[in-house]
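What follows is each chain in one-letter form.
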Amino acid sequence: MQRRGIVSKLLLFLLIAATSVSLAADRQHVKELGQKFICVCGTCNQMLTTCNHFGCPSSGPMLAELAAQIDEGNSDESIVARFAEKYGLTVLSAPPAAGFNLTAWIMPFIALVLGALLVVYFVRQFRARWASVPVDVDVTKYQQKVEEELKKFIPED
Amino acid sequence: MAQIGQFALALAWVVTAYSIVASLLGIHLKHDKLVASGRNAALGTFVCITTAIACLGYLFAVSDFSIKYIAAHSNRDLPIYFKVSSIWGGQEGSLLFWGWLLTLYSALVIVQNWRKHSAMMPYVVAVLMATSFFFTSMHLFIVNPFNQTVFLQSNASPLPFVPSDGNGLNPLLQDAYMVIHPPMLYLGFVGFAVPFAFAIAAMITKQLGDTWIRTTRRWTMVAWMFLSIGIMLGGKWAYHELGWGGFWAWDPVENASMMPWLIGTAFLHSVMVQEKKGMLKVWNMVLIILTFIMSIFGTLLTRSGMVQSVHAFAQSPVGGYFRAFIIVALSGALYLLFDRLPYLKSENQMESIVSRESSFMFNNLILLAACFAVFWGTMFPIISEAATGSKITVGPPFFNKVNVPIAIFLMFLTGVGPLLAWRRASTNSLKRNFLSPAVIALASGVALYFRGVQHFYAWLSIVMSIFVTLTIIREFYKGAAARSSGTGETFLEAVVNLTLRNTRRYGGYIVHFGFVLLFIGWAGQAFTTDAEGEMGIGDTLSIREYTLRVDKLGIEDTPNYASDKATMSLFEYGKKVANLYPEKRLYKAGQEKQPTTEVSIYSSAKNDVYVVFQGGTGDGKKAIIQVFYNPLTMWVWIGGIVLVAGTLIALLPNKKTILRRRPEIESKEERKEVEKTV
């Protein structure tokens, strides 16, 4: 009898512990997924999870909706799709990486790569010009001397 | 007083126009007195706009609500310091303030340089005054701060009237940081007009050596420093005032200040290549033109409301005028640049990809890529809508994903660049300079990983920060040790004198160290956590090693606002460390009462505990409290201070070395030799 009591208390304790863990996990999940959305009240333009403007008519209901969808066991992708369908693409905090909006993501890196290629081309072009000057043995000797002298005059910084 | 202000604006408009015409005509006719008259007119513009802004300040001080701008941005109970800051609290006043700073800069530049650069200065004056003319026209015709308050009658005819009280200043702007943040930001934005004007003058006069760069180097650094301070104070304001727990949200207006800062940073680095090696002349022109254009674009973004922003406090149809000015300024400058290309040839050649020159080029590339990413993300909603017809949002996740790797690579170059030799770096010197910092940084990285720092970007940021710090320390150590052995100074004296003898170089290293600290602060944000609870008196809320307890819930009533306020005790590992007072305020001025959050923060080097009063529960008995645990945030602000300190040091003129008399250094030649080594 006493053992049964201990077991039932232990089960109750585990149930409470599991519930609190599950709630904590949900809260974290809501927070993480909420960062994919923007508050749609039209005035604050803040992330859904950081929207704190007083009396906001949108962020509270949206967060509740988000939590409800998580509780229903919907996948993140389907929740994102549902929000986008309901509120429009403006609800997404970053442009979807598809169609024309893909350019938002790739253009900065294309620019970076093109820029890097330009720098390399620029440096090589200079070096090619430098190398194309005919050099004989005597000139090399003097060139080395000039190099040594130059080192003394060009400041380090 | 409003009439005096209005008259001062009208006079400024005439005098500015005269200054441009007199300067250009004077040069064309080679008429010195006309040129001097143009210069005096530019100084006169400063006097006129100063008078106008002083009048506006007076009108705020006496709460003259017959003026629309005063009625819209202040109220009788507003404290006097906020009345002063109301000058730039709205559209009209902030543009007037912009214009005033421009005339102030112009006057200072004229006083400092008129005799030294007599050929260039009339053109410098013309360019500065042309910019000033644009702003003066805006003040006078488009956004006049001295317009009367009017009441529209039923037949739509305006009837002047004086309201009993004003609408008050936007509560978000009623913050100490907001008193100083806009002036700093504007000093930065406007300051870039000076090097731009010199660049244009240099191209017109074909004086395309490094004179214009040497002349404007300090002006550029001053503008850059003010912009940095402005950005930092803006972050600090957002952290204190917006109550969402962070300091940077990639808002379009924040981005607006970041863009000229990034290109200005690139310019500050690449001018060194021109000064030392006579290279990158075209590139430097492009950079300063873009920096100036981005400053104007930043003002356009802030003031036009073309992109939705939480910061766009004042919006009006000024966008079209700004766009027109940008197009005219950009096309004029680029036309001049193409025309002068033959005069902008490099004096030297790039010899190696592994050299100081090329590291500066990569640094420029990264800074420009970052600027482009910010620009692209900020403008993409407009671009996307134009291309697809549907609206989208580009928020923090986009900017973080794109910019964080770019920023980390920039940090890497911050460590590498200064240690590479000019012309070409040998394999031996690379090993000597980088092996030990790289090994120590990586070893620290491994240790950090096993200590739980497993967020990839945060981990990489910290490893890079360690690497850069070590390279900086190495530079100071190497220089100070050589100096100490050559001069007999103590090591500490040698560090100080080394810095003062080459302020630009060592000031620059200190600026880099400031960035290291900023990076550490940013990395800490990856580990932010928060908790929320409904709390009555005596209730507690725990987060990590801290516990908050509500001691008192009360209401505070002042003439300007009423607030719900909590008095809370903060315990760290059970020991009380602070009292915190988060508030929710309701400002009384205006028809719509405006609420704001006043957070309360406990700061330490390790972390911030950031407490927000979210509101009251339905029964009014409890407060909804949100608390953030923000690791390492203080280092962001310390980094900012170090960055400014480094810039101030870099602005100092180099001190000449006075070697102590040492018996073993007797001859002049020997002394010179020692000076060369230290």
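Residues numbered from 1 in each chain as written. Chains lettered and ligands numbered in written order. Predicted model: local features only at pLDDT ≥ 70, side-chain atom pairs only at ≥ 80, totals over all residues. Heavy atoms only, no water.

### Re the overall build of chain A
What counts here: Secondary structure elements are defined from DSSP: runs of H or I of at least 4 residues count as helices, runs of E of at least 2 residues count as strands, and each element is numbered from the N terminus. Burial classes: relative accessible area under 20% of the type maximum marks a residue as buried, over 50% as exposed, and values in between as partly exposed (1.4 Å probe, protein chains only). Here a residue-residue contact requires only that any non-hydrogen atoms of the pair lie within 4.5 Å. Only the protein chains shown count as cover for residues, and the accessible areas themselves come from Shrake-Rupley with a 1.4 Å probe.
Counting its regular elements, chain A contains five helices and zero strands. Secondary structure elements of chain A occur, N-terminal to C-terminal, as α-α-α-α-α. Looking at the 157 residues of chain A, the share that counts as buried comes to 27%. Sequence separation of 24 or more characterises 36% of the internal contacts of chain A that already satisfy a separation of 6 or more. As displayed, chain A has an accessible area near 10,500 Å², and 65% of this comes from carbon and sulfur atoms.

### Digging into the overall build of chain B
Note the following rule: In this setup the radius of gyration rests on C-alpha atoms only. A globule is expected at 2.2 Å times the number of residues raised to 0.38. Just so you know, the count uses Lys and Arg for positive and Asp and Glu for negative, and it drops His and the chain ends. Think of each charge as sitting on NZ of Lys, CZ of Arg, CG of Asp or CD of Glu.
For chain B, the count of helices and strands is 20 helices and twelve strands. Taking 26 Å as the expected radius of gyration for a compact globule of 678 residues, we find that chain B reaches 28 Å, a close match to that expectation. Along the longest, intermediate and shortest principal axes, the C-alpha atoms of chain B span 85 × 75 × 60 Å. The buried share of chain B, reckoned over its 678 residues, is 58%. A separation of at least 24 residues holds for 70% of the contacts in chain B among residues at least 6 apart in sequence. Carbon and sulfur atoms form 64% of the exposed surface of chain B, whose accessible area is close to 27,500 Å². Put simply, chain B has 56 plus and 40 minus side-chain charges, and the middle of one group is 10 Å from the middle of the other.

### Here we look at the environment of A81 of chain A
Position of A81 of chain A relative to the elements: it lies in helix α3 (residues 76-87). In sequence terms A81 of chain A and L92 of chain A are eleven residues apart; their C-alpha atoms lie 9.6 Å from each other.

### A closer look at the nonpolar core
Residue and element names in this part refer to chain B. Convention followed: Remark: nonpolar core denotes a set of buried residues (Ala, Val, Leu, Ile, Met, Phe, Trp, Tyr, Cys) joined through side-chain atoms within 4.5 Å.
In this structure, W212, M285 and F322 are the most contacted members of the largest nonpolar core, which totals 156 residues. In this structure, F322 is in contact with L95, F134, F135, M138, I296, T299 and L300, ignoring residues within four places of it in sequence. Judged by nonpolar contacts, the second largest core, of 27 residues, contains M411, F434, A458 and W459.

### Considering helix α14 (residues 396-416) of chain B
Formally: One fewer than the residue count of a helix, multiplied by 1.5 Å, yields its expected span.
Counted at 1.5 Å a residue, the expected span for α14 of chain B with its 21 residues is 30 Å, and the 29 Å between its end C-alpha atoms agrees. Those residues of α14 of chain B that fall on the buried side of the exposure criterion are P396, F398, F399, V402, N403, I406, I408, M411, L413, T414, G415 and V416 of chain B.

### So, the sheet that holds strand β11 (residues 607-616) of chain B
Residues and elements named next belong to chain B. For clarity, the threshold we go by: Any two strands are treated as partners once DSSP identifies two or more bridges connecting them. Every axis corresponds to a line fitted to the C-alpha atoms, with the helix fit spanning only the stretch in contact, and the corresponding angles, defined between N-to-C directions, vary from 0 to 180 degrees.
On the basis of which strands lie adjacent, the open sheet formed by four strands has the order β3-β12-β11-β10 and antiparallel pairing. Whereas interior strands pair on both sides, the edge strands pair on one side only; in this sheet they are β3 (529-535) and β10 (600-603). Strand-to-strand twist across the sheet, computed as the mean angle between neighbouring axes with direction ignored, equals 15°. As judged from the nine bridges shared by β11 and strand β12 (residues 623-631), these two strands associate in the antiparallel manner.

### A few points about the domain arrangement of chain B
Residues and elements named next belong to chain B. How we decide: Segment limits for the domains were obtained from an automatic or database-derived domain assignment. Every case where a carboxyl oxygen of Asp or Glu lies within 4 Å of a side-chain nitrogen of Lys or Arg is listed as a salt bridge. Here a polar contact is taken to be a pair of N or O atoms separated by no more than 3.5 Å, where protein atoms must pair a possible hydrogen donor with a possible acceptor and residues adjacent in sequence count only if both atoms sit in side chains. When residues are sorted by character, Ala, Val, Leu, Ile, Met, Phe, Trp, Tyr, Cys and Pro go into the nonpolar class, Asp, Glu, Lys and Arg into the charged class, and all the rest, Gly among them, into the polar class.
According to the domain assignment, chain B consists of domain 1 (2-384) and domain 2 (527-634). A separation of 38 Å is found between the C-alpha centroids of domain 1 and domain 2. At the interface, 18 residues of domain 1 touch 18 residues of domain 2. The interface formed by domain 1 and domain 2 holds zero salt bridges in total. Run the count over domain 1 and domain 2 and you get six residue pairs in polar contact (both at pLDDT 80 or more). Here the side of domain 1 that touches domain 2 is composed, by residue class, of seven nonpolar, nine polar and two charged.

### Some remarks on the pattern of salt bridges
All names here are of chain B. For the structure on display, the rule yields 16 salt bridges over all chains. In this structure, R214 and E275 form a salt bridge, with 3.1 Å as the shortest nitrogen-oxygen distance. One end of the pair, R214, is in helix α9 (residues 211-241); the other, E275, is in helix α10 (residues 252-277), with 61 residues separating them in the sequence. The closest approach of N and O atoms between E357 and K277, which form a salt bridge, is 2.7 Å. Separated by 80 residues along the polypeptide, E357 in helix α13 (residues 356-388) and K277 in helix α10 bring together distant segments of the chain. Both residues of the pair, E357 and K277, belong to the buried class. One salt-bridge network, held together by shared partners, links R214, E275 and R504.

### Some remarks on α13 of chain B
All names here are of chain B. For clarity, the threshold we go by: Here the bend at a residue is taken as the angle between two axes, fitted respectively to the seven residues that end there and the seven that start there.
With 33 residues, α13 extends 45 Å from end C-alpha to end C-alpha; this agrees with the ideal 48 Å at 1.5 Å per step. Maximal helix bending in α13 amounts to about 55°, located at F380; proline P381 follows within four positions. Along α13, 24 of the 33 residues are buried, which leaves the element largely enclosed by surrounding structure. Downstream of α13 by a residue or two, G389 has a phi angle that is positive, lying close to 85°.

### Brief notes about empty space enclosed by the protein
To find leftover empty space, a probe the size of one water molecule is rolled over the atoms. Residue and element names in this part refer to chain B. Our working rule: Cavities and pockets were defined on a 1 Å grid built over protein atoms only: a cavity is a set of grid points that admits a 1.4 Å probe from which the probe cannot escape, a pocket is an open set flanked by protein on both sides within 12 Å along at least five of seven lines, and lining residues are those with an atom within 4 Å of any such point. Grid points are joined across faces, edges and corners, and a volume is the space filled by probe spheres set on the points.
As enumerated under the stated definition, the model contains two cavities of 30 Å³ or more in all. By volume, the second largest cavity amounts to about 30 Å³. As for the second largest cavity, its lining consists of T414, G415, P418, L419, T471, I472, E475, Y509 and H512. Where the lining of the second largest cavity is concerned, the elements lending two or more residues are α14, α16 (456-487) and α18 (503-524). Looking at side-chain class alone, the lining of the second largest cavity contains four nonpolar, four polar and one charged residues.

### A few points about the pairing of strand β7 (residues 575-580) of chain B
Residue and element names in this part refer to chain B. Sheet topology note: the strand β6 (residues 561-572)/β7 ladder contains five bridges and is antiparallel. Counterpart to S569 in the pairing with β7 is N579. Between β6 and β7, which pair antiparallel one after the other, the connecting turn spans two residues, and Y573 there sits at a positive phi close to 45°.

### Quick look at the confidence of the model for chain B
Residues and elements named next belong to chain B. Heads up, the condition is: Here pLDDT means the predictor's own confidence in every residue, given as a number from 0 to 100.
Confidence in the prediction for chain B averages 87 pLDDT; 94% of positions are at 70 or higher. Here residues 657-661 is modelled with pLDDT under 50, and outside its nearest four sequence neighbours on either side it reaches 13 contacts, counting other chains as well. Predicted complex metrics record ipTM = 0.76 and pTM = 0.86.

### Brief notes about a nonpolar patch on the surface
To be explicit about the condition: Residues with no salt bridge and a relative accessible area higher than 30% make up the patches, which join like charges within 9 Å and nonpolar side chains (Val, Leu, Ile, Met, Phe, Trp, Tyr) within 5 Å.
Taken together, the side chains of L102, I106, I110, V113, L114 and L117 of chain A make up a nonpolar region of the molecular surface, amounting to roughly 510 Å² of accessible area. Summarising the element assignment, I110 of chain A is placed in helix α4 (residues 102-131).

### Describing the interface of chain A and chain B
Note the threshold: By buried area we mean how much accessible surface two parts lose on assembly, using a 1.4 Å probe and totalling the loss over both.
Contacts between chain A and chain B engage 46 residues on the former and 55 residues on the latter. Taken together, the two surfaces of chain A and chain B that pack against each other cover about 4,500 Å², and 66% of this comes from carbon and sulfur. For K31 of chain A, the salt bridge goes to D530 of chain B, with nearest N and O atoms at 2.8 Å. Where chain A touches chain B, the interface holds six residue pairs in polar contact (both at pLDDT 80 or more). Every element with two or more residues in the side of chain A that touches chain B is listed here: α1 (2-34), α4 and α5 (137-153) of chain A. Sorting elements by how many residues they give to the side of chain A that touches chain B places α4 of chain A first, with 18 residues.

### Topic: the side chain of S59 of chain A
Relative to the helices and strands, S59 of chain A is located in helix α2 (residues 59-71). Residues in contact with S59 of chain A, not counting those within four places in the same chain, are C39, L48 and C51 of chain A.

### Considering the environment of I601 of chain B
Residue and element names in this part refer to chain B. Positionally, I601 belongs in strand β10. Look at I601 and you get partly exposed, because its relative accessible area is 22%. With eleven residues separating them along the chain, I601 and V612 place their C-alpha atoms 8.9 Å apart. For I601, the contacting residues outside a window of four places in its chain are Y239, H240, L580, D608, V609 and Y610.

### What to know about the packing of aromatic side chains
Inclusion rule: Each Phe, Tyr or Trp ring (for Trp, its six-membered ring) is paired with any other whose centre lies within 6.5 Å, and the angle between the two planes then decides the class: stacked below 30 degrees, edge-to-face above 60, tilted in between. Cation placement over rings: the criterion is NZ of Lys or CZ of Arg within 6 Å of the ring centroid and within 35° of the ring normal.
Per the counting criterion, the structure on display carries 46 aromatic pairs over all chains. Ring geometry for F456 of chain B against Y457 of chain B: centres 5.5 Å apart, planes inclined by 50°, an arrangement best described as tilted. The exposed category is assigned to F456 of chain B, whose relative accessible area is 51%. Connected via pairs of aromatic rings, a cluster forms that spans W105 of chain A together with W248, W250, F398 and F399 of chain B. Above the plane of the ring of Y561 of chain B lies R585 of chain B, whose end atom (NZ or CZ) is 4.0 Å from the centre.

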